[in-house]
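What follows is each chain in one-letter form.
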Amino acid sequence: MKKIYLDHAATSPMHPEVIRTMMKVMEADFGNPSSIHSFGRQARHILDESRAVIAGSIGAGQNEIIFTSGGTEADNTALTGIAFSSQARGKHIITTEIEHHAILHTCHFLEKSGFEVTYLPVGEEGIVSPDDLKKALRDDTILVSIMYANNETGAVQPIGEIGRILKNHQAYFHTDAVQAYGLADLDVNELGVDLLSVSAHKINGPKGIGFLYVKNGVKHQPHLYGGDQERKRRAGTESVPAIAGFAKAASIAQASREEKAKQYKEFKNIMLSVMNEHGVRYELNGSLENTLPHVINFSFPGTNVESMLVNLDLAGVAVSSGSACTAGSIEPSHVLVAMFGKNSERTKNSIRFSFGLNNTEEQVRQAAEETAKIIRRLLK
Ligand code: PLP
């Protein structure tokens, strides 16, 4: 059987047009954008054009975009950059229990550095409550970081509502939009966010490039020391080919957003109807409403995530548990623990399917059939 890739939330294949764009830049436009000669000016021109596309995709100004090495660096620099530059106004930070480790581990570092962090819980749908945020807010809160949508369940958080709550509070508002960008309609002004993180490899762009949006006027301490690139906010020669590829991926994603959302919704329906036809027992981790179109997370009672993943891989279907895989064993997902408690069976029997470029209805149906077959075998 031809292999079926349904793990686009982990990473996605590069779009052929992105590869072509990058090849051209690598071959012909190799200059350093900081050089004043024509080679440098050509690279600067590509950088400026790419920045305009990226800024436009979230309703930002061009000088509000800082290119980074990906989502992890954008998240790290958002948190540490705000914490260290705002500590005279307070040392309290609020985030959630379901953030990506790029946020959670940075918060642990900040706790060791003298900051206090409140981790908001979520309900069984994996969504944070704006009331809990209101209760946690204090006069000395300097930063609130809540992801736009969760990478394991797809659960979309009430970012616009939280933005309104924070409007008259001193705390800056950061959202990790790594998993949502390209499929959600993001406008930083409508959302009321001050900082926003994105990564290219989730949207058919190259790995190792991302950006942090930082609203004009937000004081933010850089975390790298060196040259004056990115308006002195992120030192290091910009990866012009990766940035050009990122901009190409962003514009393709924007142009096809609605069509993809419709297609992935249909993929979810196919998965559910195959499960139902085969009488497979399942529960969904998260709802079908407040969710990203490309992510669906199933709990299959009586199964075990490790044997499911191995059997699916043998059948040619690449999916994921959504959580970290450490030294060959799969740690219970902190997201599912936050939703259902650490003793819940769901933390050990859940699988994330995520759709993307080149997936077809036929592939999704076949993957669902294989899943149903494996479950029947495992439950015997
Ligand atoms: N934030 C979220 C929600 C993610 O899903 C990921 C990647 O899995 C990251 C951050 C990290 O991004 P990157 O792989 O570009 O460092």
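Check the entry above for the structure.
All of these numbers come straight from a predicted model, not from anything done at the bench.

About the thresholds
Residues numbered from 1 in each chain as written. Predicted model: local features only at pLDDT ≥ 70, side-chain atom pairs only at ≥ 80, totals over all residues. Heavy atoms only, no water. Helix = DSSP H or I, 4+ residues; strand = E, 2+ residues; numbered from the N terminus. Rg over C-alpha atoms; globule rule 2.2 N^0.38 Å. Areas by Shrake-Rupley, 256 points an atom, 1.4 Å probe, with all protein chains shown as cover. Lys, Arg positive; Asp, Glu negative; His and termini not counted. Charge placed at Lys NZ, Arg CZ, Asp CG, Glu CD. Near = heavy atom within 4 Å. Polar contact = N/O pair within 3.5 Å; in protein donor to acceptor, adjacent residues only side chain to side chain. Nonpolar A, V, L, I, M, F, W, Y, C, P; charged D, E, K, R; others polar. Core = buried A, V, L, I, M, F, W, Y, C linked by side-chain atoms within 4.5 Å. Buried < 20%, exposed > 50% of the residue type's maximum accessible area, 1.4 Å probe, protein only. Domains from an automatic or database assignment. Contact = heavy atoms within 4.5 Å. Axes fitted to C-alpha atoms, helices over the stretch in contact; angles between N-to-C directions. Parallel < 35°, antiparallel > 145°, perpendicular 65-115°, else oblique. Left-handed = near helix turned anticlockwise from the far one by under 90°.

**Q** Would you explain the overall build of the protein in this entry?
**A** A tally of helices and strands in the protein yields 12 helices and 14 strands. The C-alpha radius of gyration of the protein comes to 21 Å, within 12% of the 21 Å expected for a compact globule of 380 residues. Principal axes of the C-alpha set define a box for the protein whose edges measure 70 × 55 × 35 Å. Within the structure as shown, the protein displays about 16500 Å² of accessible surface, and the carbon and sulfur contribution to it stands at 51%. A distance of 2 Å separates the average location of the 39 positive side-chain charges in the protein from that of its 43 negative side-chain charges.

**Q** Can you walk me through the site of the ligand in this structure?
**A** Near the ligand, the surroundings consist of 13 residues, among which Gly 71, Thr 72, Asp 176, Ser 199 and Lys 202 are the closest. A distance of 2.9 Å separates an oxygen atom of the ligand from a polar side-chain atom of Gln 179. In this structure, Ser 199 approaches the ligand through a side-chain N or O atom, which is 2.6 Å from an oxygen atom. In isolation the ligand exposes 400 Å². Once the protein is present, 85% of that is buried. For the shell around the ligand, the leading source of residues is helix 3 (residues 71-86), giving 3 residues. Looking at side-chain class alone, the shell around the ligand contains 2 nonpolar, 8 polar and 3 charged residues.

**Q** Can you help me understand the nonpolar core in this one?
**A** If you look at soluble globular proteins, the nonpolar side chains tend to sit buried side by side. Ile 58, Tyr 181, Phe 211 and Phe 246 are the most contacted members of the largest nonpolar core, which totals 54 residues. A total of 6 residues in this core trace back to one element, the largest contributor, which is helix 9 (residues 240-277). The two domains that each donate at least three residues to this core are domain 1 (4-12 + 257-379) and domain 2 (16-251). If near-sequence neighbours (up to four positions away) are discounted, Tyr 181 is found in contact with Ile 54, Ser 57, Ile 58, Leu 186, Val 198, Ile 203, Phe 211, Phe 246 and Ala 250. Of all hydrophobic cores here, the second largest spans 31 residues; its members include Leu 6, Leu 272, Met 275 and Phe 355.

**Q** Looking at this model, I keep getting lost on the packing of helix 1 (residues 16-28) against helix 9. Mind explaining?
**A** The contact between helix 1 and helix 9 brings their axes to 8 Å, and the two run at 155°. As far as their axial angle goes, helix 9 and helix 1 are roughly antiparallel. The two elements helix 1 and helix 9 cross, and the hand of that crossing is right-handed. Touching Glu 17, Val 18, Thr 21, Met 22, Val 25 and Met 26 of helix 1 are Val 240, Pro 241, Ala 242, Ala 244, Gly 245, Lys 248, Ala 249 and Ile 252, all from helix 9. For the contact of helix 1 with helix 9, the per-class residue count stands at 10 nonpolar, 2 polar and 2 charged.

**Q** I keep staring at the packing of helix 2 (residues 38-57) against helix 9 and nothing clicks. Help me out?
**A** In helix packing, the relevant descriptors are the interaxial angle and the interaxial distance, both defined with respect to the helix axes. Running from N to C, helix 2 and helix 9 point in directions that differ by 35°, and their axes come no closer than 9 Å. Crossing of helix 2 over helix 9 shows left-handed handedness. Here helix 2 contributes Ala 43, Ile 46, Leu 47, Ser 50, Val 53, Ile 54 and Ser 57 to the contact with helix 9, which in turn contributes Val 240, Ile 243, Ala 244, Phe 246, Ala 247, Ala 250, Ser 251 and Gln 254.

**Q** For this particular structure, what's the right way to read the side chain of Thr 153?
**A** With respect to the secondary-structure elements, Thr 153 resides in the loop between strand 5 (141-145) and helix 6 (159-166). Owing to a relative accessible area of 3%, Thr 153 belongs among the buried residues under this scheme. Within the structure, Thr 153 has its side chain in polar contact with the backbone nitrogen of Ala 155 (distance 3.2 Å). Those residues in contact with Thr 153, other than ones at most four positions away along the chain, are Asn 285, Thr 291, Val 295, Asn 297, Val 335, Leu 336 and Met 339.

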